[in-house]
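# Per-entry structural report
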Amino acid sequence: MKIKIAMIGFGNVGQGITRILHAERQTLLIDHGFDFEIVGIFGRSKGSVLAAEKGTDTSQVLKSFDSQGDLLALDGADSELTAMDIIERSGADILLEMSPTDLETGQPAIDYIKAAFKQNVHVVTCNKGPVALAMHELLELAEEKELQFLFEGSVMAGSPVINLATQNLAGAGITSFKGILNGTTNFILTRMKQGADYQAALAEAKDLGYAEADPTNDVEGYDAAAKGVILSNLLTGAETTLNDVACTGISHLTIEDIESAREKGQIIKVLVEADLCEAMPEISVGPVHLPLDDPLAAINGAMNAITFETKILGPVTISGPGAGREETGFAMLADMLQIHKMNG
Ligand code: HSE
């Protein structure tokens, strides 16, 4: 049976997951028994489509988007459709929630996710707003309805850090972590080390789909802080918020700062550091001078990495892509496959 997928948002991640689904359709069917159809897409500026009856195909979606930059050439396209129309009328099994991140309110994503649960729809999101602000409430609502609420893509894009921390390292006793969790700032610092200036490097990060719609969240450290909050709350059950994070960005850093660190045999990296030993995790974000032999010192460009300190294994480090269209799109796929396996 085909899994019916609805998407809220057709920006970087929406386009990324659509291209992956399109390219991998046969492999997903043969290797995982995963067959799907798209029953609705809400695109804020690119038009929307409701295809509850017949479903639309990724080839049609990409044909419309690649030829005219929007979804309006599709059967069932209607620029008047709202996100709630898609959630309530598409008959989806899984909602991919990819609306723009709002780290102050988590909206409108929180309302979209709750509306999906009301319709008995599983939710996969990469949106840090609702997960940083309402993770426990949304997980409880999902559990009450025996639905899945998965958000692997909210931290380190498709690199499986949430599954690693909660599944594979369960029982290892994670006491703290430190990580490079923002691709944009790591990309900017890498380009500045190569001699580029700050504004040019930021513009490049935007073009490559790494930066947030409002890159202030990246460069001031709020995006990394949100990821620190998500991991800390998930691992401890606490309810820390962004206001609890001591946060410094990189907008004040100069090429001279980077050069001076290099002369001392160090490198500047924006780290999220969290101590999970107390009831209330202590989280900080900011540029740190790292010795070159730290595993995190070698992480360049939009790559991310995190080291978990554990009681049983000592330090465990994972690195991988931390931002990007298909890099984050892959996390949406991994979560959908998990739902498919659990409910198949
Ligand atoms: N803007 C984010 C980053 C995207 O640069 O890491 C991935 O969350």
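Provided above is the structure to which this section pertains.
Now for a look at the structure at hand. (Residues numbered from 1 in each chain as written. Predicted model: local features only at pLDDT ≥ 70, side-chain atom pairs only at ≥ 80, totals over all residues. Heavy atoms only, no water.)

## So, the overall build of the chain
The secondary structure content of the chain amounts to 12 helices and 12 strands. Here the C-alpha atoms of the chain give a radius of gyration of 20 Å, agreeing with the 20 Å that 2.2 N^0.38 yields for 344 residues. Along the longest, intermediate and shortest principal axes, the C-alpha atoms of the chain span 65 × 45 × 40 Å. Out of the 344 residues belonging to the chain, those deemed buried represent 55%. Summed over all atoms, the accessible surface of the chain reaches about 14,700 Å², with 48% contributed by carbon and sulfur. Charged side chains of the chain number 24 positive and 48 negative; the gap between the two group centres comes to 5 Å. (Helix = DSSP H or I, 4+ residues; strand = E, 2+ residues; numbered from the N terminus. Rg over C-alpha atoms; globule rule 2.2 N^0.38 Å. Buried < 20%, exposed > 50% of the residue type's maximum accessible area, 1.4 Å probe, protein only. Areas by Shrake-Rupley, 256 points an atom, 1.4 Å probe, with all protein chains shown as cover. Lys, Arg positive; Asp, Glu negative; His and termini not counted. Charge placed at Lys NZ, Arg CZ, Asp CG, Glu CD.)

## Some details on the site of the ligand
With respect to spatial proximity, the complete set of residues near the ligand consists of K128, N182, G183, T184, Y210, A211, E212, D218, D223, K227, G322 and A323. Contacts to the ligand include T184, whose side-chain N or O atom sits 2.6 Å from an oxygen atom. In isolation the ligand exposes 260 Å². Once the protein is present, 92% of that is buried. Put simply, the parts of the chain that give the shell around the ligand at least two residues each are α7 (183–193) and α10 (222–236). (Near = heavy atom within 4 Å. Polar contact = N/O pair within 3.5 Å; in protein donor to acceptor, adjacent residues only side chain to side chain.)

## Details of the pattern of salt bridges
All chains considered together, the criterion is met by 11 salt bridges. A salt bridge links D85 to R89; its shortest N-O distance comes to 3.7 Å. Of this pair, D85 and R89 both sit in helix α3 (residues 83–89), four residues apart, roughly one helical turn. D223 is paired through a salt bridge with K128; the nearest N and O atoms lie 2.7 Å apart. Of this pair, D223 sits in helix α10 while K128 sits in helix α5 (residues 128–144); the two residues are 95 residues apart in sequence, bridging distant segments of the chain. Neither D223 nor K128 differs from the other in exposure class; each is buried. Connected through salt bridges with shared partners, the residues K128, E212, D223 and K227 form a single ionic network. (Salt bridge = Lys/Arg side-chain N within 4 Å of Asp/Glu carboxyl O.)

## Description of the environment of L290
In this fold, L290 is placed in strand β10 (residues 282–291). Note on L290: relative accessible area 4%, which makes it buried. Considering only alpha carbons, one finds L290 and S45, 245 residues apart in sequence, at a separation of 42 Å. Ignoring sequence-local partners within four residues, the contact set of L290 consists of K178, G265, Q266, I267, K269, L271, L296 and A297. (Contact = heavy atoms within 4.5 Å.)

## Brief notes about the sheet that holds strand β8 (residues 246–247)
Pairing is mixed in the open sheet, where six strands are placed in the order β8-β10-β9-β7-β11-β12. A strand with exactly one partner marks an edge of an open sheet, and here the two such strands are β8 and β12 (314–321). For strand β9 (residues 266–275) and β10, the ladder comprises 10 bridges, and the chain directions are antiparallel. Each residue of the ladder has a partner; that of V270, found in β10, is P287. (Pairing = 2+ DSSP bridges.)

## A short note on the nonpolar core
Membership of the largest hydrophobic core comes to 69 residues, with the highest contact counts inside it found for F149, I306 and F308. Apart from residues no more than four positions distant in its own chain, I306 is found in contact with M156, V161, F177, K178, G179, L181, L231, L296, V316, T317 and I318. (Core = buried A, V, L, I, M, F, W, Y, C linked by side-chain atoms within 4.5 Å.)

## Some words on helix α1 (residues 12–32)
In this model, α1 (21 residues) spans only 25 Å end to end at C-alpha, well below the 30 Å of a helix rising 1.5 Å per residue. For α1, the full list of buried residues reads V13, G14, Q15, G16, I17, T18, I20, L21 and L28. Elements in contact with the buried residues of α1: β1 (3–8), β2 (36–42), α2 (58–68), β4 (94–97) and α12 (325–343). Trailing α1 by a residue or two, G33 shows a phi angle of about 60 degrees, which is positive. (Expected span 1.5 Å × (residues − 1).)

Remember that the coordinates give geometry; whether it matters functionally is a separate question.
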